[in-house]
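Examination of the molecular architecture
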Amino acid sequence: MTIRVALLGGDEILRRGLDGMLRVLGGFEPVTTQGRDRNPVDIALFETFGVAADDTTLARAVADPYIRRVAVLTWNHHPGLAREVVRNGVVGYLGTSLSAQQLGRALHAIHAGETVVAPTVPAGSPAAADSASDLDRLTARERETLAHIATGRSNVDIAAEMQISLNSVKSYIRSAYAKTGVQSRSQAVLWAVSHGLGAEMLERTALLERASAVACADPGQDGRTQVVRTTVSP
(Lines give C-alpha, C1' and ligand atoms only; values in the text may rest on other atoms or scores of the structure.)
Protein backbone atom coordinates (compact mmCIF):
# COMPACT_ATOMS: atom_id res chain seq x y z
CA MET A 1 0.00 0.00 0.00
CA THR A 2 1.31 3.43 -0.96
CA ILE A 3 0.90 6.32 1.49
CA ARG A 4 0.09 9.62 -0.22
CA VAL A 5 1.89 12.53 1.48
CA ALA A 6 1.39 16.24 0.74
CA LEU A 7 3.44 19.17 2.03
CA LEU A 8 1.46 22.31 2.84
CA GLY A 9 3.64 25.40 2.82
CA GLY A 10 7.40 25.18 3.18
CA ASP A 11 10.04 26.48 0.80
CA GLU A 12 11.43 24.79 -2.30
CA ILE A 13 14.41 23.32 -0.42
CA LEU A 14 12.13 21.60 2.09
CA ARG A 15 9.76 20.43 -0.65
CA ARG A 16 12.53 18.96 -2.80
CA GLY A 17 14.20 17.38 0.22
CA LEU A 18 10.98 15.76 1.39
CA ASP A 19 10.16 14.50 -2.11
CA GLY A 20 13.62 12.98 -2.43
CA MET A 21 13.45 11.24 0.95
CA LEU A 22 10.01 9.79 0.27
CA ARG A 23 11.01 8.45 -3.13
CA VAL A 24 14.17 6.85 -1.72
CA LEU A 25 12.18 5.18 1.07
CA GLY A 26 9.58 3.69 -1.25
CA GLY A 27 5.98 3.05 -0.25
CA PHE A 28 5.23 6.78 -0.26
CA GLU A 29 3.92 9.04 -3.00
CA PRO A 30 4.60 12.79 -2.79
CA VAL A 31 1.41 14.51 -3.94
CA THR A 32 -0.31 17.88 -3.97
CA THR A 33 -3.79 18.54 -2.62
CA GLN A 34 -5.22 19.02 -6.10
CA GLY A 35 -7.75 16.37 -7.02
CA ARG A 36 -7.95 15.07 -3.46
CA ASP A 37 -11.71 14.56 -3.81
CA ARG A 38 -10.85 11.72 -6.21
CA ASN A 39 -7.61 10.58 -4.54
CA PRO A 40 -7.56 11.60 -0.85
CA VAL A 41 -4.33 12.67 0.83
CA ASP A 42 -3.29 10.21 3.53
CA ILE A 43 -1.01 12.60 5.45
CA ALA A 44 -0.63 16.37 5.05
CA LEU A 45 2.55 17.86 6.55
CA PHE A 46 2.40 21.55 7.44
CA GLU A 47 5.47 23.72 8.03
CA THR A 48 4.55 26.42 10.56
CA PHE A 49 7.76 28.47 10.43
CA GLY A 50 7.30 31.85 8.78
CA VAL A 51 3.54 31.42 8.43
CA ALA A 52 1.43 34.43 9.37
CA ALA A 53 -0.66 34.05 12.50
CA ASP A 54 -3.87 34.63 10.51
CA ASP A 55 -3.08 31.91 7.97
CA THR A 56 -5.92 29.38 7.74
CA THR A 57 -4.11 26.56 5.91
CA LEU A 58 -3.72 24.31 8.96
CA ALA A 59 -7.31 24.85 10.09
CA ARG A 60 -8.64 24.07 6.63
CA ALA A 61 -6.49 20.94 6.40
CA VAL A 62 -7.79 19.62 9.74
CA ALA A 63 -11.36 20.17 8.59
CA ASP A 64 -10.85 18.77 5.08
CA PRO A 65 -12.64 15.40 4.65
CA TYR A 66 -10.21 14.44 1.89
CA ILE A 67 -7.12 14.83 4.08
CA ARG A 68 -7.00 11.87 6.44
CA ARG A 69 -4.27 12.97 8.86
CA VAL A 70 -2.47 16.25 9.54
CA ALA A 71 0.97 16.70 11.13
CA VAL A 72 3.28 19.66 11.74
CA LEU A 73 6.75 19.42 10.17
CA THR A 74 9.20 22.12 11.25
CA TRP A 75 12.90 22.84 11.65
CA ASN A 76 12.18 24.67 14.94
CA HIS A 77 11.22 21.51 16.81
CA HIS A 78 11.06 21.43 20.60
CA PRO A 79 9.70 18.20 22.16
CA GLY A 80 8.78 20.07 25.33
CA LEU A 81 6.12 21.96 23.37
CA ALA A 82 4.58 18.80 21.90
CA ARG A 83 1.34 18.91 23.90
CA GLU A 84 0.62 22.39 22.55
CA VAL A 85 0.94 21.08 18.99
CA VAL A 86 -0.60 17.60 18.89
CA ARG A 87 -4.23 18.32 19.66
CA ASN A 88 -7.59 18.87 17.99
CA GLY A 89 -6.88 17.13 14.71
CA VAL A 90 -3.09 17.52 14.54
CA VAL A 91 -1.63 14.04 15.06
CA GLY A 92 2.09 14.56 14.52
CA TYR A 93 4.88 16.96 15.49
CA LEU A 94 7.95 16.17 13.39
CA GLY A 95 11.33 17.86 13.08
CA THR A 96 13.15 18.32 9.79
CA SER A 97 16.27 16.88 11.45
CA LEU A 98 14.80 13.37 11.11
CA SER A 99 16.69 10.96 8.90
CA ALA A 100 14.86 9.33 6.01
CA GLN A 101 14.36 6.13 8.00
CA GLN A 102 13.07 7.99 11.06
CA LEU A 103 10.69 10.02 8.92
CA GLY A 104 9.44 6.85 7.26
CA ARG A 105 8.72 5.19 10.60
CA ALA A 106 6.97 8.33 11.86
CA LEU A 107 4.74 8.53 8.78
CA HIS A 108 3.88 4.83 8.95
CA ALA A 109 2.89 5.27 12.62
CA ILE A 110 0.75 8.31 11.83
CA HIS A 111 -0.90 6.45 8.96
CA ALA A 112 -1.65 3.56 11.33
CA GLY A 113 -3.55 5.89 13.65
CA GLU A 114 -0.89 6.80 16.21
CA THR A 115 0.03 10.28 17.38
CA VAL A 116 3.76 10.83 16.94
CA VAL A 117 6.35 13.26 18.27
CA ALA A 118 9.75 12.87 16.62
CA PRO A 119 12.51 13.33 17.39
CA THR A 120 11.89 12.95 21.09
CA VAL A 121 14.36 14.09 23.74
CA PRO A 122 17.52 12.09 22.92
CA ALA A 123 18.37 9.36 25.41
CA GLY A 124 21.30 10.23 27.62
CA SER A 125 21.00 13.93 26.94
CA PRO A 126 20.62 15.66 30.32
CA ALA A 127 20.51 19.12 28.74
CA ALA A 128 17.66 18.18 26.43
CA ALA A 129 15.79 16.43 29.22
CA ASP A 130 16.20 19.48 31.43
CA SER A 131 14.85 21.70 28.63
CA ALA A 132 11.70 19.61 28.29
CA SER A 133 11.13 19.39 32.04
CA ASP A 134 11.66 23.14 32.45
CA LEU A 135 8.93 23.83 29.90
CA ASP A 136 6.63 21.30 31.56
CA ARG A 137 6.84 23.26 34.82
CA LEU A 138 5.41 26.35 33.15
CA THR A 139 1.72 26.85 32.49
CA ALA A 140 0.57 27.67 28.96
CA ARG A 141 0.03 31.30 29.98
CA GLU A 142 3.51 31.55 31.50
CA ARG A 143 5.05 30.14 28.32
CA GLU A 144 3.06 32.58 26.22
CA THR A 145 4.15 35.49 28.42
CA LEU A 146 7.83 34.52 28.11
CA ALA A 147 7.43 34.16 24.34
CA HIS A 148 6.08 37.71 24.16
CA ILE A 149 8.99 38.94 26.32
CA ALA A 150 11.40 37.23 23.91
CA THR A 151 9.94 39.25 21.03
CA GLY A 152 10.64 42.51 22.86
CA ARG A 153 7.11 43.43 23.86
CA SER A 154 6.44 45.59 26.91
CA ASN A 155 4.13 44.48 29.70
CA VAL A 156 1.43 46.80 28.35
CA ASP A 157 1.79 45.27 24.88
CA ILE A 158 1.65 41.76 26.33
CA ALA A 159 -1.53 42.56 28.23
CA ALA A 160 -3.14 43.81 25.02
CA GLU A 161 -1.99 40.79 22.99
CA MET A 162 -3.17 38.27 25.59
CA GLN A 163 -6.31 40.28 26.41
CA ILE A 164 -5.63 40.22 30.13
CA SER A 165 -4.94 42.85 32.77
CA LEU A 166 -1.52 44.34 33.38
CA ASN A 167 -1.54 42.87 36.89
CA SER A 168 -2.12 39.42 35.43
CA VAL A 169 0.87 39.87 33.13
CA LYS A 170 3.04 40.84 36.09
CA SER A 171 1.79 37.79 38.00
CA TYR A 172 2.67 35.46 35.13
CA ILE A 173 6.11 37.05 34.85
CA ARG A 174 6.80 36.63 38.58
CA SER A 175 5.75 32.97 38.55
CA ALA A 176 7.67 32.26 35.34
CA TYR A 177 10.81 33.89 36.75
CA ALA A 178 10.52 31.83 39.94
CA LYS A 179 10.16 28.56 38.00
CA THR A 180 12.96 29.26 35.52
CA GLY A 181 15.39 30.86 37.95
CA VAL A 182 15.89 34.03 35.91
CA GLN A 183 16.17 37.38 37.64
CA SER A 184 15.93 39.96 34.86
CA ARG A 185 14.16 40.59 31.59
CA SER A 186 17.36 40.05 29.58
CA GLN A 187 17.86 36.66 31.28
CA ALA A 188 14.22 35.83 30.55
CA VAL A 189 14.77 36.58 26.85
CA LEU A 190 17.79 34.27 26.71
CA TRP A 191 15.96 31.50 28.57
CA ALA A 192 12.89 31.78 26.34
CA VAL A 193 14.84 31.73 23.08
CA SER A 194 16.95 28.76 24.18
CA HIS A 195 13.78 26.82 25.00
CA GLY A 196 11.97 27.54 21.74
CA LEU A 197 9.71 30.31 23.03
CA GLY A 198 9.48 33.26 20.68
CA ALA A 199 7.72 34.67 17.64
CA GLU A 200 7.49 31.33 15.82
CA MET A 201 5.93 29.68 18.86
CA LEU A 202 3.33 32.48 19.09
CA GLU A 203 2.51 32.19 15.39
CA ARG A 204 2.18 28.41 15.68
CA THR A 205 -0.06 28.76 18.74
CA ALA A 206 -2.34 31.12 16.82
CA LEU A 207 -2.53 28.66 13.91
CA LEU A 208 -3.30 25.76 16.23
CA GLU A 209 -5.97 27.72 18.08
CA ARG A 210 -7.64 28.39 14.73
CA ALA A 211 -7.44 24.69 13.88
CA SER A 212 -8.83 23.91 17.34
CA ALA A 213 -11.82 26.17 16.71
CA VAL A 214 -12.52 24.35 13.46
CA ALA A 215 -12.15 20.94 15.13
CA CYS A 216 -14.52 21.91 17.93
CA ALA A 217 -17.07 23.05 15.37
CA ASP A 218 -16.81 19.67 13.61
CA PRO A 219 -17.44 16.75 16.01
CA GLY A 220 -16.10 14.39 13.36
CA GLN A 221 -12.58 15.53 14.18
CA ASP A 222 -12.80 14.52 17.85
CA GLY A 223 -10.71 11.60 19.01
CA ARG A 224 -7.88 12.13 16.58
CA THR A 225 -5.32 13.18 19.16
CA GLN A 226 -5.91 11.40 22.41
CA VAL A 227 -2.40 10.38 23.50
CA VAL A 228 1.09 11.48 22.55
CA ARG A 229 3.00 8.44 21.32
CA THR A 230 6.79 8.54 20.99
CA THR A 231 7.38 5.68 18.62
CA VAL A 232 10.34 6.78 16.51
CA SER A 233 13.77 5.58 17.61
CA PRO A 234 17.10 6.94 16.32
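In what follows, the accompanying structure is described.

Analysis parameters
- Residues numbered from 1 in each chain as written.
- Predicted model: local features only at pLDDT ≥ 70, side-chain atom pairs only at ≥ 80, totals over all residues.
- Heavy atoms only, no water.
- Helix = DSSP H or I, 4+ residues; strand = E, 2+ residues; numbered from the N terminus.
- Buried < 20%, exposed > 50% of the residue type's maximum accessible area, 1.4 Å probe, protein only.
- Pairing = 2+ DSSP bridges.
- Contact = heavy atoms within 4.5 Å.
- Axes fitted to C-alpha atoms, helices over the stretch in contact; angles between N-to-C directions.
- Parallel < 35°, antiparallel > 145°, perpendicular 65-115°, else oblique.
- Nonpolar A, V, L, I, M, F, W, Y, C, P; charged D, E, K, R; others polar.
- Salt bridge = Lys/Arg side-chain N within 4 Å of Asp/Glu carboxyl O.

Here we look at the environment of Arg87
With respect to the helices and strands, Arg87 occurs in the loop between α3 (82-85) and β5 (90-95). In the structure, Arg87 is positioned 28 residues away from Thr115 in sequence and 9.4 Å away in space, judged by C-alpha atoms.

With respect to the pairing of strand β4 (residues 67-74)
Taken across its eight residues, β4 has six buried, putting it largely inside the fold. The sheet contact formed by strand β3 (residues 41-46) and β4 spans five bridges and is parallel. Residue pairing across strands places Val41 opposite Ile67, the latter belonging to β4. Of the strand pairs in this sheet, β4 and β5 are connected by five bridges, and their pairing is parallel. Looking at the pairing, Val70 lines up with Val90 of β5.

Overview of the environment of Leu94
Inspection of the secondary structure puts Leu94 in strand β5. Remark: the alpha-carbon pair of Leu94 and Ala106, spanning twelve residues in sequence, is separated by 8.0 Å. With residues up to four places along the chain from it excluded, the contact list for Leu94 reads Leu45, Val72, Leu73, Thr74, His77, Leu103, Ala106, Leu107, Ile110, Val116 and Ala118.

A word on the packing of helix α6 (residues 140-150) against helix α9 (residues 185-194)
Where α6 contacts α9, the two axes come as close as 8 Å, and the packing angle between them is 110°. Taken together, the axes of α6 and α9 are roughly perpendicular relative to one another. Here Leu146, Ile149 and Ala150 of α6 come into contact with α9, specifically with Arg185, Ala188, Val189, Trp191, Ala192 and Val193. Looking at the contact of α6 with α9 residue by residue, the classes come out as eight nonpolar, no polar and one charged.

Quick word on the pattern of salt bridges
Per the counting criterion, the structure on display carries eight salt bridges. Taking the shortest distance from any N to any O, the salt bridge between Asp64 and Arg36 comes out at 2.6 Å. Residue Asp64 is located in the loop between α2 (57-63) and β4, and its partner Arg36 is located in the loop between β2 (28-31) and β3; the two are separated by 28 residues in the primary sequence. Judged by relative accessible area, which is 11%, Asp64 ranks as buried.

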